Structure formats: structure tokens, C-alpha cells
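Examination of the molecular architecture
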Amino acid sequence: MAGIYVLNIGTASAKQWVSFSYEHTLCGMSNCQIVVDGANSAYSAQFDVGSEINIYKSGALKFRGIVTSKDSLPGGGIVMTAMGIEIELADVKSPMVGSAVVRTWATTSDNTIFTTLVTSVSGWTVDVANSTSANVDFRTSASESVWNAIIRLVTDSGKDIWVDRSEEHTSEPQSL
């Protein structure tokens, strides 16, 4: 099993992992947990909160995320928890126009709103090629995260969201 999976965390590879799991949640944030054993202080220091995690299975990227917590166990064990790369969208507030605190779209294509929200975060793009556009009324506030606004939008429009975990950040709404 160990030869099939490669776990890269920050600039290091987890060579002594005991277990790991990852989950892609439909219209929710992906998550991951990795348990490493026999980690001395130098090895442990390579796995910091904020480091990027990439899990490969037979060379194919299966999970991409950011370490959100790290706990030490007796005897050199480490438990790391990570959220999917889409956590970046939860760290940024919805884009406003000028000094507005509320942004409203009236009878606007949901794909247009989705694109405006996602591309307001640096490095993120969208692919709505397989999505049928619907005209909706939608409102977001300056205190709402981009991720929360996206989830509300896709839920209200009866769509699902898929996050491409490749090197480029891409998200794509899918009709049910």
C-alpha cells in the first residue's frame, strides 16, 4: 500500500505514515487527516500548519489541501488535519463594488455571479462549460466569505460544485 501512495507535506514527504484518510464532500470542503510515527524534531518541523499537502495515488493527484492543525503524540507521533485547497476561498470576503457593504445581482446569470465570486480570489479560475445558466437574484455582503457565497449560490440554483485539485485552482458548478 505504501508504494501506491505518496504524501507530500510542504517540502517533505511523509515516509513513516501510519494512516491517512481524505474525503471530498459534495458542495462542502474536503478534508484530510494524516498520522505519522517516529518523527524526530527535525522531521516534525517540516510539517507545519499552513503547509500544503498533496496526496498521490499511483502518480495521480487525489487530494490537495492546507494543514490546519498539528498535534504531537507520545513517542514521536504526529496527527495532522488538513482542509482542501478550497479553504483559500473561505479566507477571502465576497467582492464588493467600491465601498459597498452589500452586493446585489438582479436577474443575472448564476454562472456570471459564480465567476465573479471565484475569480475575485487570486489564482482561481472557473469552468462553467458544462453548466446551464439560469437567471437569478442573489445578494452577498462584505462580511461573507467567497466560499459561503458560492455554496449558497450553487445550493439555491440546484447545482453542485467540483473543485479541481490540479496545480491550478479551478472550480466548476455542475447541474444535478
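Residues numbered from 1 in each chain as written. Predicted model: local features only at pLDDT ≥ 70, side-chain atom pairs only at ≥ 80, totals over all residues. Heavy atoms only, no water.

1. Regarding the confidence of the model for the chain
As a reminder, the rule being used: The score called pLDDT rates the predictor's confidence residue by residue, from a low of 0 to a high of 100. Contact criterion: two residues are considered in contact whenever any of their non-hydrogen atoms come within 4.5 Å of each other.
Chain-level statistics for the chain give a pLDDT mean of 86 and a share of 92% at 70 or above. Throughout residues 168-176 the model reports pLDDT below 50, and contacts reaching past four residues in sequence, or to other chains, amount to 46 contacts.

2. Topic: the environment of Ser51
Basically, it comes down to this: Going along the chain from the N terminus, every DSSP run of H or I of four or more residues is numbered as a helix, and every run of E of two or more is numbered as a strand. By the criterion applied in these results, polar contacts are pairs of N or O atoms within 3.5 Å in which, for protein atoms, one can donate a hydrogen and the other can accept it, and in which residues neighboring in sequence qualify only through two side-chain atoms.
Considering the arrangement of structural elements, one finds Ser51 in the loop between helix H1 (41-45) and strand E5 (52-57). For the pair Ser51 and Val118, spaced 67 residues apart in sequence, the C-alpha separation works out to 22 Å. In this structure, Ser51 is in contact with Ile9, Gly10, Gln46, Gly65, Ile66 and Val67, ignoring residues within four places of it in sequence. Here Asp48 takes part through its backbone oxygen, which lies 2.9 Å from a polar atom of the side chain of Ser51.

3. Describing the packing of aromatic side chains
What counts, and what does not: A pair of aromatic rings is counted whenever rings of Phe, Tyr or Trp (Trp by its six-membered ring) have centres within 6.5 Å, and the orientation is called stacked for planes under 30 degrees apart, edge-to-face for over 60 and tilted otherwise. Accessible area is worked out with a 1.4 Å probe on protein chains only. A residue is then buried under 20% of its type maximum, exposed over 50%, and partly exposed in between.
The full count for this structure, using the stated rule, is five aromatic pairs. Relative to Phe63, the ring of Tyr22 has its centre 6.1 Å away and its plane inclined at 35 degrees; by these criteria the two rings are tilted. Of this pair, Tyr22 sits in strand E3 (residues 17-23) while Phe63 sits in strand E6 (residues 60-73), and the two are 41 residues apart along the sequence. Tyr22 gets classed as partly exposed once you look at its relative accessible area, which sits at 27%. Relative accessible area serves as the criterion here: at 0%, Phe63 is assigned to the buried category.

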